[in-house]
Amino acid sequence: QVQLVESGGGLVQPGGSLRLSCAASGSIYGIYAMDWYRQAPGKQRELVAHITSGGTTNYADSVKGRFTISRDNAKNTGYLQMNTLKPEDTAVYYCNAAISGVAGIVYTYWGQGTQVTVSS
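Sequence order as written defines the numbering, with residues in each chain counted from 1. Predicted model: local features are reported for residues with pLDDT of at least 70 only, side-chain atom pairs are reported and counted for 80 or more only, and whole-chain, interface and lining totals are derived from all residues. Only hydrogens and water are set aside; all other atoms, that is, all heavy atoms of the structure, feed into the side-chain values.

**Q** Teacher, can you tell me more about the overall build of the protein chain here?
**A** Labels follow the DSSP assignment, with helices taken as runs of H or I lasting at least four residues and strands as runs of E lasting at least two, numbered in each case from the N terminus. Helix and strand counts for the protein chain stand at 0 helices and 11 strands. Along the protein chain, helices and strands appear, N-terminal first, in the series β-β-β-β-β-β-β-β-β-β-β. Here the globule rule is a power law, 2.2 Å times the number of residues to the power 0.38, and the radius of gyration is based on C-alpha atoms. Relative to the compact-globule value of 14 Å for 120 residues, the protein chain shows a C-alpha radius of gyration of 14 Å, a close match. With the C-alpha coordinates aligned to their principal axes, the bounding extent of the protein chain is approximately 50 × 25 × 25 Å. Counting the 120 residues in the protein chain, one finds 39% classified as buried. Two residues form a contact once any of their heavy atoms are found within 4.5 Å. Once local pairs closer than 6 in sequence are excluded, the contacts in the protein chain between residues at least 24 apart make up 55%. When a residue's accessible area, from a 1.4 Å probe over protein chains only, is under 20% of the maximum for its type it is buried; when over 50% it is exposed; and in between it is partly exposed.

Next up, the structure:
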């Protein structure tokens, strides 16, 4: 069984920074793409950032230049560094990862989410 656990959310003032972590645990053979999504109240969940197993990254236009996605394959952990935060970044942030077990079948897993609130 595989679990994704996010951490690092909280309350921050506009212009501040936070670093989210997403730790994968369980019967893991390989982790492929890792993504960060967010969902604000009353809005649909949206893709914020994506990173491939090789380190290629993509970002939503709204966060380009402010957010950086990264991963530590040795630790089975992904990160989202968020700088110059704005009130409109307030949302629950979710980690999503494509992971294979020893049988080689790839499944997509979601974390439980971590709240990020940007407010003065």
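**Q** What is the right way to read the state of the cysteines from this model?
**A** Put plainly, two cysteines are in a disulfide when a covalent bond ties their sulfur atoms together. Pairs of cysteine sulfur atoms within 2.5 Å are what we label disulfides. For the structure on display, the rule yields 1 disulfide. C22 shares a disulfide with C95; S-S distance 2.0 Å. Its S-S torsion of approximately -75° makes the covalent link between C22 and C95 left-handed. One end of the pair, C22, is in strand β3 (residues 18-26); the other, C95, is in strand β9 (residues 91-100), and 73 residues separate them in sequence. For the pair C22 and C95, a shared accessibility class is recorded, and that class is buried.

**Q** What should I look at first to understand the sheet that holds strand β1 (residues 2-7) in this one?
**A** Within the open sheet, the 4 strands sit side by side as β1-β3-β8-β7. Their pairing is antiparallel. Each of the sheet's edge strands pairs with one partner strand only, and the pair in question is β1 and β7 (67-72). On average, each strand axis in the sheet is inclined to that of its neighbour by 15°, with strand direction left out of account. Strands are treated as partners if at least two bridges between them are detected by DSSP. Comment: axis = line fitted to C-alpha atoms, over the contacting stretch for helices; angle = value between 0 and 180 degrees taken between N-to-C directions.

**Q** Would you mind going over the side chain of D89 with me for this structure?
**A** Looking at the element boundaries, D89 is found in the loop between β8 (77-82) and β9. At a separation of 2.8 Å, a polar atom in the side chain of D89 contacts the main-chain amide nitrogen of K86. Beyond its immediate stretch of four places on either side in the chain, D89 contacts R38, R66, F67, T84, V116 and V118. N or O atoms closer than or at 3.5 Å make up a polar contact, with two conditions inside protein: a donor-capable atom paired with an acceptor-capable one, and, for residues adjacent in sequence, both atoms drawn from side chains.

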